[in-house]
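Read off the chains here:
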Amino acid sequence: MDGTRKEARVMLLEEMEQNIVRRGALMPCRTAFIDAHTPGSNQKENFTIIGGGVSESVDQHVHINEAIGFNIGAAGQPPKCHNSLHAHRPAEVFFVQSGRWRFFWGRDGNAGEVVLEEGDIFNIPTGIFRGFENIGTDYGLIMAILGGDDAGGGVIWAPQVITDAAEHGLVLGQNGRLYDSKKGEALPEGVLPMPPLTAKEMEFFGEPSTGEVVPHHVARYWDLMALADHQPAKVIGPDAMLRDRPGFELDFVTRGSLDETAVSFDQPVVLMPARGHWKLSWSGGETILNSGDTCLMPAGLVHSLVPSMTGEVSMFRVWKTDDPAGPTTKLGWGIERGTGGQGGRGGG
């Protein structure tokens, strides 16, 4: 990411607001995935913020439908609500915006687990099934980054998820779309149901231990705050805290990381405030970014970022690299060999 000062590009405030998704304006989809009726998962909300995402529902609202090399989304859940076991071909990264969350993984969800607090980040290894649960006392929100413009072509579900969903009226077609028998919907002519993965196909998915995953794939918020005391902390990248090449890089900034120097970047950069309030200024206007907002900063726009008030402030920044949106480099299984039953779907 080239952060040098370049010739000013003018952008009106009204134009910039089209590139900002405010947390309070997030539009949820409660029928995004196959487990939408399954007890324990039926209260979750899915948000597609930037890019097409991986929703299986035609009801999913996309806030900013731009291809920038990766997708930004979010999941919101009340306490005790969980997200069912699934996998993705490209990298999937979560950071906790609010709440307390338990992440678990493995073919049956019992290979390992870790609890994350606000600001913690998890670069989940590819080729493993994963799920998560809000174990806090209030509604929680986690932000997601998924590699690739097409997010790897959709979600791969553990066999038991597909079976449980069918018992509660939801069927996933091989076209990647959900059909709800409770609403009188049926698979269109010529569209077959998505078959569960076979036992042989399941063997291609890894079962890494907590000791293998946590040291290389989890970064804690207060460690990042310390590392970003005088400069941005590299979080995901070839020479970062979590060493990986997932097709994007991610850093973390706080009050001491940036000065008031105006810069521009040679590609779009996504700004994701974790805590506090930031004043974003550019040729044409200024605005305040708050915790939970998401801003797509256009390439070539000269801008500056400074805290807008005293107290704790922090922000993640994400940008595309030339690396393919492929497996994580530390722990990555070749799931493309083992997903014949669910390959080639077009996630929403």
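Residues numbered from 1 in each chain as written. Predicted model: local features only at pLDDT ≥ 70, side-chain atom pairs only at ≥ 80, totals over all residues. Heavy atoms only, no water.

## Topic: the sheet that holds strand 6 (residues 92-98)
- One open sheet holds the seven strands; their spatial order is 3-2-4-11-6-9-15, and the pairing between them is mixed. Looking along the sheet, the strands with just one partner apiece sit at the ends: strand 3 (62-64) and strand 15 (218-219).
- In this sheet, strand 11 (residues 140-147) lies alongside strand 4 (residues 70-77) in antiparallel orientation, the contact comprising eight bridges. Paired with Ala75 across the bridge in strand 11 is Ile142. (Pairing = 2+ DSSP bridges. Helix = DSSP H or I, 4+ residues; strand = E, 2+ residues; numbered from the N terminus.)

## Some remarks on the nonpolar core
- If you look at the biggest cluster of nonpolar residues, it comprises 35 residues, and the most contacted ones within it are Ile49, Ile121, Val235, Phe252, Val270 and Phe316.
- If sequence neighbours within four positions are ignored, Ile121 has contacts with Val93, Phe94, Phe95, Leu116, His217, Val218, Ala219, Leu224, Val235, Leu250 and Phe316. (Core = buried A, V, L, I, M, F, W, Y, C linked by side-chain atoms within 4.5 Å. Buried < 20%, exposed > 50% of the residue type's maximum accessible area, 1.4 Å probe, protein only. Contact = heavy atoms within 4.5 Å.)

## Points about the confidence of the model for the protein chain
- Residue-level pLDDT values for the protein chain average 91, and 91% of them are 70 or greater.
- Predicted confidence for residues 334-341 stays below pLDDT 50, and this span has 21 contacts to residues more than four positions away or in other chains.
- Counted against residues more than four places away or in other chains, residues 343-348, with its pLDDT under 50, gives 24 contacts. (pLDDT = per-residue confidence, 0-100.)

## A look at the sheet that holds strand 20 (residues 277-282)
- If you trace the three strands from one edge of the open sheet to the other, you get 21-20-23, paired in antiparallel fashion. Bordering the open sheet on either side are strand 21 (285-290) and strand 23 (303-307), each of which pairs with just one other strand. Averaged over neighbouring strand pairs, the angle between their axes works out to 25 degrees when direction is ignored.
- As defined by bridge partners, strand 20 adjoins strand 21 across six bridges and the pair is classed as antiparallel. Looking at strand 21, one finds that His277 is bridged to Asn290. (Axes fitted to C-alpha atoms, helices over the stretch in contact; angles between N-to-C directions.)

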